[in-house]
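Coordinates in review
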Amino acid sequence: MSQQVVTRATRRPHKHALDVAHPPPGPGNLRAVLLPVAVVLLIGTVFVSVYLAAFHAPHPHQLRVGTTEIGTAQAHLSQDLERIAPGGFAVETYPDASAARDAVQDRTVYAAYLGDGKLLYGSANGAAVTATVTTAFGSVAHAEHHELAVEDVAPAAAGDTRGLSVFYAAFGLVLAGYLFGMTTYQLAPRLQYRWRMASLALFGGVGGLLVALIAGSTGFGALPGPFLPLVVVISLMGAAVGATTMVLLRLFGPAGVSLASILLLILGNSSSGGIMPAAYLPAWLRPLSEILPVGVGVRAMQGLSRFQDDGLTRALVILPLWVLGAALVLYLKDVFRREAPTVAREQREPQPAAG
């Protein structure tokens, strides 16, 4: 008898999860299927479009160059440059070779032509700028019946021969700031404001220290500038990116994650000047390099390393404004609006009579 029961039990068909009939997908299921696809493809499309627009065929727009030539010689120089690259160069005049050299070294201009085929340039500006100015002024010297003689007065760092290391260092920190801004609210959505700001400060400080140690003179030698100022600039840049991501997340919810990736990772990095100067970017992208944390920070990092602190003052003004502005918005969102209803409720409640 028991054997027959066991046999029937073993022969009973087993219902697999896939065999169970499911109701047709509803609006919620369709949204869950389609929304991630749409969001990710949108971000990918923006990334491809922005980077191709910026770098598929880069050419200079009013790239600043200097000269000591005056009068007819300078007029001929401007005409030759306009013929070689229409709208590509903006020429500034310097009284002597020493002033022109200083202008190249602090990146007031990217090259300076001294006449008679002599060109001052800075390889620390990257291969693209070097190729642009040597090609253009090579043609100018040839028209003057001279061979181009170049002098590199702002050489690239030994650990950054192509001038791209600052871009990768900044990109890594920006990515970390973006991830920090997301995870701080995901892991601790009810964390008190003061502790969240302490976490932001810790992230910025440690992140700046690590990047300066790795990319600076103690590591790869790609950023050979003074260590402490580099730490300060990089820390402020990381904190600005992290704080901005937090603000976008708090203001727009899940959509803020996508907005932050577009603003900071795509537009910010493409306009940073880490690959080539902003003068090579399309007109609509160029202004972002002057205001977004990445471009401001990258210029200061380059200036500290090779261009006599170019961009440092701007960074020390603009980056703290991003951090403080974001901190104020987060305070209003996480503290002020939370406390206001409590105060109003306490004011409406009847107070006990005095004895």
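Scroll up to find the structure.
Here's a quick rundown of the structure. (Residues numbered from 1 in each chain as written. Predicted model: local features only at pLDDT ≥ 70, side-chain atom pairs only at ≥ 80, totals over all residues. Heavy atoms only, no water.)

Let's talk about the nonpolar core
- In this structure, Leu200, Ile234, Met246, Met301 and Leu319 are the most contacted members of the largest nonpolar core, which totals 48 residues.
- In terms of residue count, the dominant contributor to this core is helix α8 (residues 227-252) (14 residues).
- Ignoring anything within four residues of it in the chain, the contact list for methionine 301 reads Val166, Leu223, Leu230, Val233, Ile234 and Met237. (Core = buried A, V, L, I, M, F, W, Y, C linked by side-chain atoms within 4.5 Å. Buried < 20%, exposed > 50% of the residue type's maximum accessible area, 1.4 Å probe, protein only. Helix = DSSP H or I, 4+ residues; strand = E, 2+ residues; numbered from the N terminus. Contact = heavy atoms within 4.5 Å.)

Quick word on the environment of serine 289
- Secondary-structure assignment places serine 289 in the loop between α9 (254-270) and α10 (293-306).
- Here the alpha-carbon distance between serine 289 and glycine 268, two residues 21 residues apart in the chain, equals 7.3 Å.
- Ignoring sequence-local partners within four residues, the contact set of serine 289 consists of Ser271, Ala278, Gly295 and Val296.
- Looking at serine 289, its side chain comes within polar contact range of the main-chain oxygen of arginine 286, at 2.8 Å. (Polar contact = N/O pair within 3.5 Å; in protein donor to acceptor, adjacent residues only side chain to side chain.)

A short note on helix α5 (residues 127-143)
- With 17 residues, α5 extends 24 Å from end C-alpha to end C-alpha; this agrees with the ideal 24 Å at 1.5 Å per step.
- Listed in full, the buried residues belonging to α5 are Val129, Thr130, Thr132, Val133, Ala136, Phe137, Val140 and Ala141. Angular distribution of buried residues about the axis of α5 spans 165°; they occupy a single face of the element. Turned more than 90 degrees off the buried face of α5, the exposed positions are Thr135 and His142.
- Looking at the buried residues of α5, the elements they touch are β1 (63-67), α3 (71-84), β2 (89-93), β3 (111-115) and β4 (118-121). (Expected span 1.5 Å × (residues − 1). Arc of directions from axis to C-beta.)

Brief notes about the packing of helix α6 (residues 165-187) against α9
- At a closest axis distance of 11 Å, the pairing of α6 and α9 adopts a crossing angle of 170°. Relative to α9, α6 is oriented roughly antiparallel. Contacts between α6 and α9 pair Phe167, Phe171, Val174, Leu175, Tyr178 and Met182 from the former with Val257, Ala260, Ser261, Leu264, Leu265 and Asn269 from the latter.
- Its residues assigned to classes, the contact of α6 with α9 comprises 10 nonpolar, 2 polar and no charged. (Axes fitted to C-alpha atoms, helices over the stretch in contact; angles between N-to-C directions. Parallel < 35°, antiparallel > 145°, perpendicular 65-115°, else oblique. Nonpolar A, V, L, I, M, F, W, Y, C, P; charged D, E, K, R; others polar.)

Quick look at the sheet that holds β4
- As summarised here, the arrangement of the 5 strands in space is β2-β1-β3-β4-β5, forming an open sheet in which the pairing is mixed. The sheet terminates laterally at β2 and β5 (149-152), the two strands that pair on one side only. On average, adjacent strands in this sheet sit at an angle of 25° to one another, irrespective of strand direction.
- Examined bridge by bridge, β3 and β4 share 4 bridges and lie antiparallel to one another. Paired with alanine 112 across the strands is leucine 120, a residue of β4.
- Seen against the sheet, α3 touches β1, β2 and β3 and runs at an angle of roughly 165° to β2. (Pairing = 2+ DSSP bridges.)

Some points on the pattern of salt bridges
- Summed over the entire model, instances satisfying the criterion amount to 6 salt bridges.
- The shortest N-O distance in the salt bridge between arginine 83 and aspartate 80 comes to 3.6 Å. Here the residue arginine 83 and the residue aspartate 80 both occupy positions in helix α3, the gap between them amounting to 3 residues, near one helical turn.
- With its nearest N and O atoms 3.1 Å apart, the salt bridge here joins arginine 299 to aspartate 310. Of this pair, arginine 299 sits in helix α10 while aspartate 310 sits in the loop between α10 and α11 (312-348), placing them 11 residues apart in sequence.
- What makes aspartate 310 buried here is its relative accessible area of 14%. (Salt bridge = Lys/Arg side-chain N within 4 Å of Asp/Glu carboxyl O.)

Some thoughts on the side chain of serine 258
- Within the secondary structure, serine 258 is located in helix α9.
- Discounting residues that sit within four places of it in the chain, serine 258 has contacts with Val39 and Ile43.

A closer look at the environment of lysine 333
- Turning to its location among the elements, lysine 333 is positioned in helix α11.
- On the basis of relative accessibility, which here comes to 25%, the residue lysine 333 falls in the partly exposed class.
- Lysine 333 sits 82 residues away from leucine 251 along the chain, and the two C-alpha atoms are 8.2 Å apart.

A word on the environment of glycine 295
- With respect to the helices and strands, the residue glycine 295 is situated in helix α10.
- Residue class for glycine 295 comes out buried when judged on its relative accessible area of 4%.
- Once residues within four sequence positions are removed from consideration, glycine 295 is found in contact with Ser272 and Ser289.

Coordinates in, geometry out; function isn't part of it.
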